[in-house]
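Residue-level structural notes
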Amino acid sequence: MKTFVAALLLSASFTAHSADSIVSGRDYHSYAEPSAFRVKHLDLDLQASFEEKRLSGVADLTIARIDPLARKLVLDTRDLTIRRIWWMRSATDLVPLRFTIGVRDPMLGAPLAIDLPAEASTPELEVRISYQTRPEASGLQWVAPALTANKTDPFLFTQSQAIHARSWIPLQDSPQVRMTYSATIHVPPGMRAVMSAQSTGDDPGALQPNGIYKFDMPQAIPSYLIALGVGRLEFRTTGPRTGVFAESALVDAAAKEFAETEQMIQASEKLFGPYRWGRYDLLILPPSFPFGGMENPRLSFITPTVIAGDRSLTALIAHELAHSWSGNLVTNATWRDLWLNEGFTVFLQGRIMLAVYGKQREDMEEMLDLTTIRKELATLPPSDQVLAIDLRGRDPDDVFTQVPYIKGALFISWLASRFGDAQIDKFLHDYFDKFAFQSITTEDFRSYLEANLLSQKPDAVKAAEIDEWMTAPGLPKYAVLPHSDAFERVDAARLDWLAGKITAVQLPAKDWTTHEWVHFLDALSGKVPTAKLAELDAAFAVTATGNSEIAFSWLRIAIRNDYQPAYPRLESYLTTIGRRKLIKPLYEELMKTPAGAARARAIYAQARPNYHPIATATLDSIVLKR
Ligand SMILES: [Zn+2]
């Protein structure tokens, strides 16, 4: 996932836990007991009702028995209505089972405990669950037509990471349980269903006139990668194994913006081994999607806010694609081990961007990342600045900070500086092979690192240095930091302009890329006179920019300096975009003054019904506090 948010304050339960030591590999965010049973395959048959905002149908679970004596199967659920459950003695012989739903925990949901009869003692068994979701399901976003690109039809999309799969499927919702899945999805005629799976029978672009779509995912994946989208979607091919699903208003722009996806796949394969998932398509979501992208296998979910018209924000595609190796192929066993997914992915993303777009762009993107993590490190408690963060008692969604992403990537870059790029690429290639389709812990990785890299060249790094990366807050002094000549030129121009040596129109900004603009704006810290902002706006129409990243950096400056001409744009920005990275800092900036807070509350009242539950969970604590 590509998302950057500051952590919430430590919860009381976290403090209470911190005296005990963490058990590596134990999933503190699931009620499931994988030592008793393990789900191997899921078969869904679901009907999507937009009127009721409900998925309804059955989930058949094929389960391997691990403990021969276990009689109780425990699954994760959140806000599901469970109608009936059967043990499938055979395809035609269904034995009703008793079950209980435990107390609902606000973060984890409720355990579903199913009593199994003594005869169900076979090594493998099948259970059928008839259920439906509720309109408030945290993993489902039912988007009203007015908030889609076409504004004619509603849109449904799922977001299962981190622990939201349980709000639309009863299952073992833990990244260390991998399953294959198949699905039949019934949607209103004219609409199309897509999933993180291959559509069976037809070409990916085929529209089913009866509204029935069938899918098959033959590779075992963790529950957080099960994904569904339903909308009036069109399809465009962009390469031999790539394409784009989007509403008609966006599909051509998206296909053009992401035309280089096949090139990115080839660059990745050259470095890290074959792409093992068949097709790689993109689903362009409505702007309320709370994240940049979500690496659902075979079908990444992508925010429309990266369709800039000039391919300047395609690093997001490189990121989601890179997850086809780090994350989807080799998966974090628990959310504490998230940096194994995200840090590696940011590193791979850099390698892909370098191969496809060259060094200047890659340097700028790494510099922007560095600026962001530095800002965030200044606000995080030390315990949240380590690679493997203790998440006990906390919602994993709120601790997706820059740390597992950027610090994780800087750790791999540092290893590359000591061992050489070629050796690191080979190490990663072999690592993905070794742990393909497995879920591993930080400790598993460290053992592998020691046996397969550190031991090859014992003097290259010290054990104390590895320890510091893994367990100390902040960035080590010897981290290898990026550098950008292009940004140095932007800095010089900014200083000349601020000092009055040149006017805004004399800034060499005509050829600036998105990256240079963002760097220029983000460096305008502190107070900037209104006349200066007006001058910049008159020269480059910054308030009206169609680029969501440039607009974000500009609006943050506008709020800080009370630059009133930008306020109408701020309001339309916050009421049309739901991507948490782009809206949360704007609300935070507004909340710093009483007038800003009043404005934030007024805008939020209007915007909140259209935000995703994951975004409102974060924003409520910022805007509605006090
Ligand atoms: Zn990611």
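Our structure is the block above this text.
Now for a quick tour of the structure. (Residues numbered from 1 in each chain as written. Predicted model: local features only at pLDDT ≥ 70, side-chain atom pairs only at ≥ 80, totals over all residues. Heavy atoms only, no water.)

Some thoughts on the packing of helix α6 (residues 359–377) against helix α11 (residues 485–498)
The relative placement of two packed helices is expressed as an angle between their axes plus a distance between the axes. Packing of α6 against α11 brings their axes to within 8 Å, and their N-to-C directions diverge by 65°. Here α6 is positioned roughly perpendicular relative to α11, judged by the angle of their axes. Within the contact between the two elements, α6 uses Q360, M364, M367 and L368 and α11 uses A486, F487 and R489. Taken together, the residues of the contact of α6 with α11 break down into 5 nonpolar, 1 polar and 1 charged. (Axes fitted to C-alpha atoms, helices over the stretch in contact; angles between N-to-C directions. Helix = DSSP H or I, 4+ residues; strand = E, 2+ residues; numbered from the N terminus. Parallel < 35°, antiparallel > 145°, perpendicular 65-115°, else oblique. Contact = heavy atoms within 4.5 Å. Nonpolar A, V, L, I, M, F, W, Y, C, P; charged D, E, K, R; others polar.)

Structural notes on the pairing of strand β7 (residues 110–115)
In terms of burial, β7 is largely enclosed, as 5 of its 6 residues are buried. The pairing of strand β3 (residues 72–77) with β7 spans 6 bridges and is antiparallel. Considered in β7, the bridge of L73 is made with I114. (Buried < 20%, exposed > 50% of the residue type's maximum accessible area, 1.4 Å probe, protein only. Pairing = 2+ DSSP bridges.)

Topic: the sheet that holds strand β18 (residues 280–284)
Either a parallel or an antiparallel arrangement is found when strands of a sheet pair, and the pairing is made through backbone hydrogen bonds. Strand order across the open sheet formed by 5 strands is β16-β17-β18-β20-β19, with mixed pairing between neighbours. Single-partner strands in this sheet number two, and they are β16 (234–237) and β19 (293–294). Looking at chain direction, β18 and strand β20 (residues 299–302) are connected through 4 bridges and run parallel. Following the sheet pairing, L283 is matched in β20 by F301.

Looking at empty space enclosed by the protein
The rolling of a water-molecule-sized probe over the atoms marks out the regions of remaining empty space. Scanning the entire structure with this criterion turns up 5 cavities of 30 Å³ or more. One number sums up the size of the largest cavity: a volume of about 90 Å³. Lining the largest cavity are 13 residues, and of these R26, Y28, T334, R336 and L391 sit closest to its centre. Across the lining of the largest cavity, the residue classes break down as 6 nonpolar, 3 polar and 4 charged. (1 Å grid on protein atoms, 1.4 Å probe; cavity = no way out; pocket = protein on both sides within 12 Å on 5 of 7 lines; lining within 4 Å. Points joined across faces, edges and corners; volume = space filled by probe spheres on them.)

A look at the nonpolar core
Residues F411, L428, Y431 and F445 are the most contacted members of the largest nonpolar core, which totals 156 residues. With 11 residues, helix α7 (residues 402–419) is the single largest residue contributor to this core. Residues F520, L521, L533 and W554 belong to the second largest nonpolar core, which totals 53 residues. (Core = buried A, V, L, I, M, F, W, Y, C linked by side-chain atoms within 4.5 Å.)

Quick word on the environment of R311
Note on placement: R311 falls in the loop between β20 and α4 (315–322). Judged by its relative accessible area of 27%, R311 is partly exposed. Distance from R311 to E257, taken between C-alpha atoms, is 5.3 Å for residues 54 residues apart in sequence. Within the structure, R311 has its side chain in polar contact with the backbone oxygen of K256 (distance 2.8 Å). (Polar contact = N/O pair within 3.5 Å; in protein donor to acceptor, adjacent residues only side chain to side chain.)

Observations concerning the layout of surface pockets
Put simply, the second largest pocket is a space of about 570 Å³. Around the second largest pocket sit 24 residues that line it, and F347, R351, E362, E366 and S413 are the ones nearest its centre. Of all elements in the fold, only α5 (338–357), α6 and α7 reach the threshold of two or more residues within the lining of the second largest pocket. No other element matches α6, which puts 7 residues into the lining of the second largest pocket.

A short note on α7
Helix length check: α7, at 18 residues, gives a terminal C-alpha distance of 25 Å against a target of 26 Å (1.5 Å per residue), a fit within 8%. Among the 18 residues in α7, 15 count as buried, and that is most of the element. Regarding α7, its N-cap is T401, as a side-chain oxygen of that residue lies 3.0 Å from the backbone nitrogen of V403 further along. Looking one or two residues past α7, G420 carries a phi angle of roughly 95°, positive in sign. (Expected span 1.5 Å × (residues − 1).)

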